[in-house]
Amino acid sequence: MTIIEAGKIAADKLNQAKVPSAILDAEVLLACTLKKSKEFILANPKLKITKAQEKKYKALVKRRSKFEPVAYLTGEKEFYGLRFLVNKNVLIPRPETELLVEEVIKYVGTKSLTICDVGTGSGAIAVALKKYLPQTKIIATDISKSALNTAKKNADLNKAEISFIKTNLIYNIKDKIDLIAANLPYVPEEEKKIKNVFSKPLKYEPAGALYAGRYGLDSYEKLFQQTSNLPRKPTALFCEIGSNYAQKNKKMAQEYFPQAKIEIKNDLCDKKRLMIIKN
Ligand code: GLN
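A quick note: this is a predicted structure, and the numbers were derived from the prediction, not measured.

Participant: It is not clear to me how the site of the ligand should be interpreted in this structure. Could you clarify?
Facilitator: With respect to spatial proximity, the complete set of residues near the ligand consists of L91, R94, E96, N183, L184, P185, Y186, V187, L202, A209 and L210. R94 is positioned such that a nitrogen or oxygen atom in its side chain is 2.8 Å from an oxygen atom of the ligand. Y186 has a polar side-chain atom sitting 2.9 Å from a nitrogen atom of the ligand. About the coverage of the ligand: the protein hides 86% of its 300 Å² of free accessible area. Looking at the shell around the ligand residue by residue, the classes come out as 8 nonpolar, 1 polar and 2 charged.

Participant: Honestly, the side chain of D178 in this entry has me stumped. Any pointers?
Facilitator: By secondary structure assignment, the location of D178 is in the loop between β5 (163-166) and β6 (179-182). Looking at D178, its side chain comes within polar contact range of the main-chain nitrogen of T114, at 2.7 Å. Filtering out sequence-adjacent residues up to four positions away, D178 remains in contact with L113, T114, P234, T235 and A236.

Participant: Got a minute to help me understand the pairing of strand β2 (residues 82-85) in this structure?
Facilitator: Side-chain direction in a regular strand flips from residue to residue, so the side chains alternate between the two faces of the sheet. Going residue by residue along β2, you find L82 and F84 tucked away on one face and R83 and L85 left uncovered on the opposite face. As defined by bridge partners, strand β1 (residues 76-79) adjoins β2 across 4 bridges and the pair is classed as antiparallel. Bridging from a neighbouring strand, E78 pairs with R83 of β2. Joining the antiparallel neighbours β1 and β2 is a turn of 2 residues, in which Y80 adopts a positive phi near 50°.

Criteria and cut-off values
Residues numbered from 1 in each chain as written. Predicted model: local features only at pLDDT ≥ 70, side-chain atom pairs only at ≥ 80, totals over all residues. Heavy atoms only, no water. Near = heavy atom within 4 Å. Polar contact = N/O pair within 3.5 Å; in protein donor to acceptor, adjacent residues only side chain to side chain. Areas by Shrake-Rupley, 256 points an atom, 1.4 Å probe, with all protein chains shown as cover. Nonpolar A, V, L, I, M, F, W, Y, C, P; charged D, E, K, R; others polar. Helix = DSSP H or I, 4+ residues; strand = E, 2+ residues; numbered from the N terminus. Contact = heavy atoms within 4.5 Å. Buried < 20%, exposed > 50% of the residue type's maximum accessible area, 1.4 Å probe, protein only. Pairing = 2+ DSSP bridges.

Function-wise, these values are silent; they only describe arrangement.
So, in structure tokens, the structure goes:
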């Protein structure tokens, strides 16, 4: 079987299963199977693939047809121009989270601050910040040991020096934190019930990294509680938030930080996505 034949069969199968971006996914998975670039696949349509490659490709396409995210199939995801390893223990880094990284980079500038990425997951935020703000000290926490293991691998892969701590949010951290960056779970519990092509892939991701109670605010409430009890409060918190209950989240933050200036920024899809709390 040739590259073009294999790709066509796969794209048809994914289309039939109603997978969005069927053609792109067929190409990406074929490139992954052959351990070549997508450009190579496109440039060599008549090249024959081996029986073993065909078998491996079919297995990946079958998993994708059940809506398993492409990143879990290839084992990696690009974020902020960097490469990250991902697996079922960590949330796949999202393009909208680049807004948070960008805003933190702008805010910090050349200052030598201590930044804590709370609930680091794959380590994407912590690693990206360290690469672009090399003068800062970065602490990254997670409650999940397997997530921390993945984050450590990603720090090594990208040669980023980060202090990892296994804890619940910022509980018991001894360092003085100047700035908090967090992409905590914020999906309302009720959204677990939704069934469409966009929600199906979420079933493959760790539920503990996505869902946070009735309004998706429970994790942030705990973080605000812990933060407001610190002897020296961070000067700023940058929190990725859910758009549906953004105002409710802002009201809650205002209760924990009555003196703070709080603003909400929209992502590229014009959804409320980032809450910046300046103390
Ligand atoms: N943006 C993610 C989603 O809706 C949620 C990430 C999160 O809960 N922190 O798929």
